[in-house]
Amino acid sequence: MTAFSEQFPQVDTVRERFVVDRDRVTCSGAMAAFDLVCHMIDQDHGALLAMDVAQLFMSRDVTDHRLGSGIGVGRLVNRTLAIMRENVETPLSIPALARSVGCTQKTLETRMQATLKATPQAVYRRTRLIHARHLVLDTDLSVAEIAQRCGYDNASAMTRAFRALFGMSPRDLRTNF
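Residues numbered from 1 in each chain as written. Predicted model: local features only at pLDDT ≥ 70, side-chain atom pairs only at ≥ 80, totals over all residues. Heavy atoms only, no water.

A.B. asks: Is there a simple way to explain the layout of surface pockets in this structure?
C.D. replies: Using a probe with the size of a water molecule, rolled over the atoms, empty space left in the structure can be pinpointed. The calculated volume of the second largest pocket comes to roughly 440 Å³. Every residue lining the second largest pocket is counted, 18 residues in all, and those nearest its centre are V11, D12, V14, V19 and T26. Of all the elements, strand β2 (residues 24-27) adds the most residues to the lining of the second largest pocket, at four residues. Tallied by class, residues from the lining of the second largest pocket come to eight nonpolar, three polar and seven charged. (1 Å grid on protein atoms, 1.4 Å probe; cavity = no way out; pocket = protein on both sides within 12 Å on 5 of 7 lines; lining within 4 Å. Points joined across faces, edges and corners; volume = space filled by probe spheres on them. Helix = DSSP H or I, 4+ residues; strand = E, 2+ residues; numbered from the N terminus. Nonpolar A, V, L, I, M, F, W, Y, C, P; charged D, E, K, R; others polar.)

A.B. asks: Help me out: how do you make sense of the pairing of strand β1 (residues 18-21) in this one?
C.D. replies: Remark: a regular strand shows side chains that alternate across the two faces of the sheet. Alignment of β1 against β2, held across four bridges, turns out to be antiparallel. Its bridge partner lying in β2, V19 is registered against T26. Linking β1 to β2, which pair antiparallel, is a turn of two residues; within it R22 sits at a positive phi near 55°. (Pairing = 2+ DSSP bridges.)

A.B. asks: What am I meant to see in the side chain of D42 here?
C.D. replies: Of note, D42 is situated in helix α2 (residues 30-45). By relative accessible area, D42 is classed as buried at 14%. (Buried < 20%, exposed > 50% of the residue type's maximum accessible area, 1.4 Å probe, protein only.)

A.B. asks: What should I look at first to understand the environment of Q148 in this one?
C.D. replies: As for its position among the elements, Q148 is in helix α9 (residues 143-149). In this structure, the C-alpha to C-alpha distance between Q148 and A132, residues 16 residues apart in sequence, is 9.7 Å.

A.B. asks: What's the story with the pattern of salt bridges in this structure? I'm lost.
C.D. replies: When charged atoms on two side chains of opposite charge get close, those side chains can pair. This model, assessed by the stated rule, comprises three salt bridges. When the shortest N-O distance is used, the salt bridge between R22 and D21 registers 3.4 Å. (Salt bridge = Lys/Arg side-chain N within 4 Å of Asp/Glu carboxyl O.)

A.B. asks: It is not clear to me how unusual backbone geometry should be interpreted in this structure. Could you clarify?
C.D. replies: Located in the positive-phi region is R22, a residue other than glycine, with phi close to 55°. Note that R22 resides in the loop between β1 and β2. Residue class for R22 comes out exposed when judged on its relative accessible area of 75%.

A.B. asks: What's the story with the packing of α2 against helix α3 (residues 47-56) in this structure? I'm lost.
C.D. replies: Between two packed helices, the angle of one axis relative to the other and the distance separating the axes together describe the packing. α3 packs onto α2 with a crossing angle of 150° between their chain directions and a minimal axis gap of 7 Å. With respect to each other, α2 and α3 are oriented roughly antiparallel. Helix-helix and strand crossings are classified by hand; for α2 and α3 the assignment is right-handed. Contacts from F34, C38, I41, D42 and H45 of α2 reach α3 at A47, L49, A50, V53 and A54. Of the residues assigned to the contact of α2 with α3, the class counts are eight nonpolar, one polar and one charged. (Axes fitted to C-alpha atoms, helices over the stretch in contact; angles between N-to-C directions. Parallel < 35°, antiparallel > 145°, perpendicular 65-115°, else oblique. Left-handed = near helix turned anticlockwise from the far one by under 90°. Contact = heavy atoms within 4.5 Å.)

A.B. asks: Hey, could you run me through the environment of A164 in this one?
C.D. replies: Tracing the backbone through its elements, the reader meets A164 in helix α10 (residues 155-166). According to the relative accessible area criterion, A164 is exposed, its value standing at 66%. Between the alpha carbons of A164 and P95 there is a distance of 25 Å; along the sequence they are 69 residues apart.

This is the structure in structure tokens:
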């Protein structure tokens, strides 16, 4: 970068993974391109969809600098999302989740709302259903087993939530894809 900026002094160089400058976009490599795509999805369609895409690609820090607003917001939300993903089969209560990341329930709710424009409950439900979608598409597990692995007491409760989020039942998704 130093050699480039010396050779082309008229070009403003910045040490960033990607740069969006008016009608031009550039990035520094494959992971930077992924960060750019998540950033663009966030800008055009919201943080929750960007989070879904990042989770589909198993990106660890699904909010970090792309979705966070303010110091520490991204880190707290990322820790919360990681704990949610680790506790899909046996979901934690929101107060227990807040304690596990070292904050109050109100602080967690405020940060999640500011970062993802959704409540912790809604984000947790979505995280569990995204995991269910993955299991529907990538395994031969029964819907009842998938429901259990995603923290639902029964398959019909998960199916209703699944249909509300994805517009089709787990069986329909499996059949059509």
